[in-house]
Every structure is written in C-alpha cells, then in structure tokens.
Amino acid sequence: KTNTAADSAGNGNTGQLISVSTSTSPTAGKIGGALKFNGASSYLKLTSVPIISGNFSYTEWFETRVPATSQGLLSLVGSEADGTYIGTRIVSSNLVTYIDGTAALTGATTLQSNTWYFLSVSYDASRSPKTIVYLNAAQDATGTAAAVYTATDTPNETLIGARTSTTLLFDG
C-alpha cells in the first residue's frame, strides 16, 4: 500500500495519507471502502488545493466514534483569521459549517456514535438562504452569509479528517 489515496471521481484530487494505518485503513464504508482516522494524528491532505469561486457544493459520508469531541471533517480553503475559511466540523455532537470564516451554521441534528451520516453543503449566492446544509438528505442548517473566498486568495491546506494538520483531528 502507498501513502496516497486516489480520487475515485476521476478529478485528479489525489490525497496524501498522513499517519493513516495501512493495517486498518481502508476499511468498510457505507458504500464501498472508507478511510479510518484515529482522532490523534491521521488525516488526508489533498496534494493540490481546489480553487473555489462562485457557487459550490461538497459532500461526504462519515461515521464518528465520539461525536461529543470537537473534530474536523473537511477543511477546504482559507483561514478563520482573514474570514476566508470554508469547512465543516463536529462540535458538541452537532455539525458546524463555515462559509465565510466567521458565521457558524450549527446543525439541528445531534450526532450519534457509530452511525453513518451523509453530509451535503450547497452554496448559491443568488438564493436565500445562500447556504443549505443537509444531513442524510434533510435540511440541517441554513445561512445567509456570503462566501468571501475568491480565486485570488492564497489557499491553505485542503484536509479531510482535520481542521488543520494539528487540530481537531477526526475519530472515525
């Protein structure tokens, strides 16, 4: 096994596996295989940072062992310091999604241990609400803040299973 994960969608978004055990990952997922993160040191770092501009969406299947612990699910771009962070994390058993780096959209669903969830985040600047967060195909949170990340911003790391390479690591 190598320390890379191929993009199964064929878009060339190869990821570097950081401290992911090759004896326990990949593992059985909801549909096909999944990566298993240990909550202490493992995550996936995309080798190229996608440029996000205009309307966008992202989706992810996840299962957590400890939903009450703050954990990063997906950090796409930017930083909270300059208001360009886009990502989703778990905080106190709820999903929290950021589109503009500062306005947190907290989901209504209380996450349970060892349960699979399908997350979908949709941003469309022309509608109200601009952001809709779905969990298992049901609306979980909405927000009106405008995404402020543009192609001219300097992208930070794009991570799956962490907020940063050292914080809010995912356990699941």
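See above for the structure.
Residues numbered from 1 in each chain as written. Predicted model: local features only at pLDDT ≥ 70, side-chain atom pairs only at ≥ 80, totals over all residues. Heavy atoms only, no water.

Caption draft 1: Structural detail: the overall build of the protein chain. A count of helices and strands for the protein chain gives zero helices and 14 strands. Counting only residues that meet the buried cut, the protein chain has 42% of its 172 residues in that class. Here the analysis covers contacts within the protein chain between residues at least 6 apart in sequence; of these, 56% occur between residues at least 24 apart. Accessible area of the protein chain: about 8200 Å², with a carbon and sulfur share of 50%. (Helix = DSSP H or I, 4+ residues; strand = E, 2+ residues; numbered from the N terminus. Buried < 20%, exposed > 50% of the residue type's maximum accessible area, 1.4 Å probe, protein only. Contact = heavy atoms within 4.5 Å. Areas by Shrake-Rupley, 256 points an atom, 1.4 Å probe, with all protein chains shown as cover.)

Caption draft 2: Structural view of the environment of arginine 65. Inspection of the secondary structure assignment puts arginine 65 in the loop between strand S6 (56-63) and strand S7 (71-77). Of the residues examined, arginine 65 reaches a relative accessible area of 32% and is grouped as partly exposed. Along the primary structure arginine 65 and phenylalanine 170 are separated by 105 residues, whereas in three dimensions their C-alpha atoms are 9.2 Å apart. In terms of polar contacts, arginine 65 uses its side chain to reach the backbone carbonyl oxygen of phenylalanine 37, at 3.0 Å. A distance of 2.4 Å separates the side chain of arginine 65 from the side chain of aspartate 171, its partner in a polar contact. (Polar contact = N/O pair within 3.5 Å; in protein donor to acceptor, adjacent residues only side chain to side chain.)

Caption draft 3: Molecular detail of the packing of aromatic side chains. Across all of its chains, the model carries four aromatic pairs by this definition. Judged by centre distance (6.4 Å) and plane angle (75°), the rings of phenylalanine 37 and phenylalanine 170 are edge-to-face. Taken as a pair, phenylalanine 37 in the loop between strand S4 (33-34) and strand S5 (43-46) and phenylalanine 170 in the segment after strand S14 (159-160) lie far apart in primary sequence, 133 residues in all. The exposure class of phenylalanine 37 is buried, given its relative accessible area of 6%. Relative to tyrosine 117, the ring of phenylalanine 62 lies with its centre 5.5 Å away and its plane at 25°, an arrangement referred to as stacked. Here the residue phenylalanine 62 occupies a position in strand S6, and tyrosine 117 occupies one in strand S11 (residues 116-123), the gap between them amounting to 55 residues. Residue class for phenylalanine 62 comes out buried when judged on its relative accessible area of 2%. Overall, tyrosine 117 belongs to the buried group, its relative accessible area being 5%. (Phe/Tyr/Trp six-rings, centres within 6.5 Å; stacked < 30°, edge-to-face > 60°.)

Caption draft 4: Focus on the pattern of salt bridges. As enumerated under the stated definition, the model contains one salt bridge in all. Aspartate 171 is paired through a salt bridge with arginine 65; the nearest N and O atoms lie 2.4 Å apart. Placement of the pair is aspartate 171 in the segment after S14 and arginine 65 in the loop between S6 and S7, with a sequence separation of 106 residues. Under the relative-accessibility criterion, aspartate 171 is labelled buried at 16%. (Salt bridge = Lys/Arg side-chain N within 4 Å of Asp/Glu carboxyl O.)

Caption draft 5: Spotlight on the sheet that holds S6. One open sheet accounts for four strands, arranged S6-S11-S12-S13; its pairing is antiparallel. Two strands in the sheet have a free side with no partner beyond their single neighbour: S6 and strand S13 (138-143). Looking at each pair of strands side by side, their axes are set apart by 15° on average, direction ignored. Both S11 and strand S12 (residues 131-135) contribute to a ladder of five bridges, which runs antiparallel. Bridge pairing links leucine 119 to leucine 135 in S12. (Pairing = 2+ DSSP bridges. Axes fitted to C-alpha atoms, helices over the stretch in contact; angles between N-to-C directions.)

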